[in-house]
Amino acid sequence: MTTTHKTIDPSKLRPATRLVHGGVHRSAHGETAEALYLTSGYVYDSAEQAEATFAGTVEHYQYSRFANPTITMLEERLALIEGAEACRTTATGMAAVHATMLSHLKTGDRVVASRALFGSCHWIVSTLLPRYGIISEFVDGGDLDQWRRALSRPAQLVLLETPSNPMLEMVDMKAVAELAHAAGAIVVVDNVFATPLLQQPMKFGADVVVYSCTKHIDGQGRVLGGAVLASRKWINDTLQPFIRNTGPALSPFNAWLLLKGLETLPLRIDAGCRSAFAIADFLAARPEVARVWYPLRADHPQVELARAQMSGGGTVVTFEVPGGKNAAFTVMNRFQLIAVSNNLGDSKSLATHPATTTHMRIGAEERAKLGITDGVIRLSVGLEDAEDLKHDLAQALKGLGTVAARAAE
Ligand SMILES: *Cc1c(COP(=O)(O)O)cnc(C)c1O
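Only a predicted model underlies this, so the values are computations on that prediction, with no experimental measurement involved.

> Is there a simple way to explain the domain arrangement of the protein chain in this structure?
Often, the extent of an interface is quoted as the loss of accessible area upon association of its parts. Taken domain by domain, the protein chain holds domain 1 (10-37 + 68-263) and domain 2 (266-408). In this structure, domain 1 and domain 2 have C-alpha centres spaced 26 Å apart. On the side of domain 2, 36 residues touch domain 1, which itself brings 36 residues to the contact. Here domain 1 meets domain 2 over a buried area of about 3,000 Å², counting both sides, of which 62% is carbon and sulfur. A per-residue breakdown of the area domain 1 buries against domain 2 is headed by Met-167, Met-170 and Leu-198, which together make up 25% of the total. Inspection of the region where domain 1 meets domain 2 yields one salt bridge. Two residues, Arg-115 and Glu-366, come together in a salt bridge whose shortest N-O distance is 3.3 Å. Remark: the boundary between domain 1 and domain 2 carries 15 residue pairs in polar contact (both at pLDDT 80 or more). Elements with a minimum of two residues in the side of domain 1 that touches domain 2: α1 (15-21), α7 (173-183), α8 (195-198) and α10 (252-284). The class makeup of the residues in the side of domain 1 that touches domain 2 is 18 nonpolar, 11 polar and seven charged.

Structure follows, in structure tokens:
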């Protein structure tokens with residue numbers, strides 16, 4: 001059987017087209033959709049071919065812990081959309097962050113990280129790395145003076161998240177990358193909130209970009225996955241030996257779902273951003289809402305930086321109701337359409353109370369430093385009609401104490 005295999009130069013294609021066609025390797029059967037290779041191992045034509053494969057003189061799949069054709073398609077597509085030389089995927093976003101850090105670091109090294117990190121990333125930096133004699137230090141990501149002080153001494157790795165979870169704080173990637181490189185550190189950006197479509201950290205000096213593919217890349221709440229993007233040299237020399245021998249491999253089935261997720265990513269992100277912006281404006285106008293955070297809204301404290309780094313505000317809106325935990329719980333329990341969850345980046349709208357869930361373990365003092373009060377709700381805007389979401393928010397907020405009434409108390 002022969003296949004009509006046309007080769008298009010992907011650099012000539014626009015992002016939406018790359019997300020549909022990038023990385024496709026058709027089998028001899030000429031299938032339309034990406035083939036799903038659910039196989040753990042591979043066979044060789046001969047003992048000689050097996051020997052040559054292990055010697056590295058012939059390219060052949062060996063074992064799905066190392067590589068798998070469906071996973072290769074996903075990795076090539078992700079690299080194309082990020083504009084990175086190479087990509088490796090992992091079973092979860094946390095496996096991607098963990099493998100990135102442990103493959104690069106050794107005892108005696110120093111890590112500087114922004115304080116506003118996803119909870120498990122915070123745990124790796126604050127608790128896990130010091131167990132292995134790796135020194136870690138947190139700074140307020142928005143404060144360049146703190147970065148300057150922390151990076152006036154040698155360091156090996158900088159980890160940051162922008163916009164951050166859940167307060168949507170920005171880090172000036174270009175300025176931090178300059179400081180980090182001068183200190184001898186690579187810059188790792190957790191780009192989950194922005195997605196590869198709204199922000200490309202490598203353009204601002206990042207060396208490594210990590211994703212939880214569980215979020216917008218799947219985008220439909222089905223599977224876990226992670227990705228690491230970087231130079232071919234760093235991936236091959238540093239990350240690949242670690243992944244190959246420690247085994248955080250992605251399932252080919254999950255890779256296949258993520259490939260299909262990438263095809264619709266621009267449509268979903270576009271719709272999600274439009275709804276999220278409209279909902280941020282809607283919430284800001286409500287008397288029961290004390291404050292709204294959304295990256296591209298004029299009242300965001302770092303709106304200029306957000307505009308310089310991001311082409312869209314993302315799908316997460318954070319807001320605060322006066323009246324603390326009781327008021328926040330009342331609002332969340334009244335939602336009819338919006339679900340209470342700790343996840344985000346789903347086609348279904350999800351609301352989280354960070355202080356009692358995702359950010360419970362970091363403690364009250366660290367929460368106060370991050371501005372996560374008991375009245376803060378994080379809303380991940382899904383693909384429902386924005387008018388239905390506004391209606392749900394309005395009925396949940398109705399009758400709650402207004403900001404003016406609270407101030408008069
Ligand atoms: C979800 C998330 C992670 C972890 O990803 P998993 O796929 O859940 O392991 C890391 N960073 C950020 C910003 C996230 O939102």
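> I tried to follow a nonpolar patch on the surface on my own but got confused; where do I start?
Together, Leu-36, Leu-38 and Phe-253 line one region of the surface with nonpolar side chains, adding up to about 270 Å² of accessible area. Looking at the element boundaries, Phe-253 is found in helix α10.

> What is the right way to read the nonpolar core from this model?
Here is a general trend for soluble globular proteins: nonpolar side chains tend to be buried in one another's company. Formed by 73 residues in total, the largest nonpolar core has its most connected members in Trp-147, Val-158, Leu-160, Leu-283, Phe-319 and Leu-393. The dominant element in this core, judged by the number of residues it contributes, is α10, at 13 residues. Two domains each put at least three residues into this core: domain 1 (10-37 + 68-263) and domain 2 (266-408). In this view, Val-158 contacts Val-112, Trp-147, Leu-151, Val-176, Ala-180, Ala-185, Ile-186, Val-187 and Val-188; residues no more than four positions away in its chain are not counted. Judged by nonpolar contacts, the second largest core, of 29 residues, contains Leu-128, Leu-129, Val-188 and Ile-243.

Rules behind the numbers
Residues numbered from 1 in each chain as written. Predicted model: local features only at pLDDT ≥ 70, side-chain atom pairs only at ≥ 80, totals over all residues. Heavy atoms only, no water. Domains from an automatic or database assignment. Contact = heavy atoms within 4.5 Å. Buried area = accessible area lost by both parts, 1.4 Å probe. Salt bridge = Lys/Arg side-chain N within 4 Å of Asp/Glu carboxyl O. Polar contact = N/O pair within 3.5 Å; in protein donor to acceptor, adjacent residues only side chain to side chain. Helix = DSSP H or I, 4+ residues; strand = E, 2+ residues; numbered from the N terminus. Nonpolar A, V, L, I, M, F, W, Y, C, P; charged D, E, K, R; others polar. Patch = residues over 30% accessible without salt bridge, like charges linked within 9 Å, V, L, I, M, F, W, Y side chains within 5 Å. Areas by Shrake-Rupley, 256 points an atom, 1.4 Å probe, with all protein chains shown as cover. Core = buried A, V, L, I, M, F, W, Y, C linked by side-chain atoms within 4.5 Å. Buried < 20%, exposed > 50% of the residue type's maximum accessible area, 1.4 Å probe, protein only.

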